[in-house]
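# An overview of the molecular structure
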Amino acid sequence: MEEKCLCEPNEVLVFSCSGSSNVGQIANLTALKLTREGVGRMFCLAGIGGHVSGMIESTKAGKMIVAIDGCPVACAQKILEHAGFKADEYVQVTDMGIEKNHGFDYPRSDIDKVADHLSTQISKRRGLAA
Ligand code: SF4
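Let us look at the structure shown here. (Residues numbered from 1 in each chain as written. Predicted model: local features only at pLDDT ≥ 70, side-chain atom pairs only at ≥ 80, totals over all residues. Heavy atoms only, no water.)

### A closer look at the side chain of Thr 59
- Looking at the secondary structure, you find Thr 59 in helix 3 (residues 53–61).
- Judged by relative accessible area, Thr 59 falls into the buried class, the value being 2%.
- Setting aside chain neighbours within four positions, we find Thr 59 in contact with Leu 13, Phe 15, Phe 43, Ile 48, Ile 65 and Phe 85. (Helix = DSSP H or I, 4+ residues; strand = E, 2+ residues; numbered from the N terminus. Buried < 20%, exposed > 50% of the residue type's maximum accessible area, 1.4 Å probe, protein only. Contact = heavy atoms within 4.5 Å.)

### Things to note about the side chain of Asn 22
- Summarising the element assignment, Asn 22 is placed in helix 1 (residues 22–36).
- Setting aside anything within four residues of it in sequence, one finds Asn 22 in contact with Ile 98, Glu 99, Lys 100, Asn 101, Gly 103, Phe 104, Asp 105 and Tyr 106.

### Let's talk about the pattern of salt bridges
- Considering all chains together, one arrives at five salt bridges under this definition.
- Linking Glu 37 and Lys 33 is a salt bridge whose minimum nitrogen-to-oxygen distance equals 3.0 Å.
- A relative accessible area of 47% means that Glu 37 is categorised as partly exposed.
- With a relative accessible area of 15%, Lys 33 lands in the buried category.
- With a shortest N-O distance of 3.4 Å, Glu 57 and Lys 60 are connected by a salt bridge. Of this pair, Glu 57 and Lys 60 both sit in helix 3, three residues apart, roughly one helical turn. (Salt bridge = Lys/Arg side-chain N within 4 Å of Asp/Glu carboxyl O.)

Pasting the structure below:
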């Protein structure tokens, strides 16, 4: 694996499916939490889906792509792949033991669980890159 400097949070781009379900919104809020905590920076998946040239170029310039999908339909992963990108770190919220439903009620602990998992994975990768 190519070693990369990941010193700056802005170099870690976080994409979330932000889908219309509990797990989609947990994915969205996880991306927001990682951004607020300085782990990475949430980026616009819709811009990638729309092939917006500036966003495609910014994503190419990023050093690490993190993708969060709510469920195995894997919309974020597919959108990224369609634009020629592959996530370096990837998680599906349902793989974290959180069941999908179409309501929007979820405990804060669900967001913390996914965010903690990704923070650990990103930190490990930062360690590899150091
Ligand atoms: S991955 Fe699942 S939750 Fe996310 S947008 Fe697609 S279908 Fe909805």
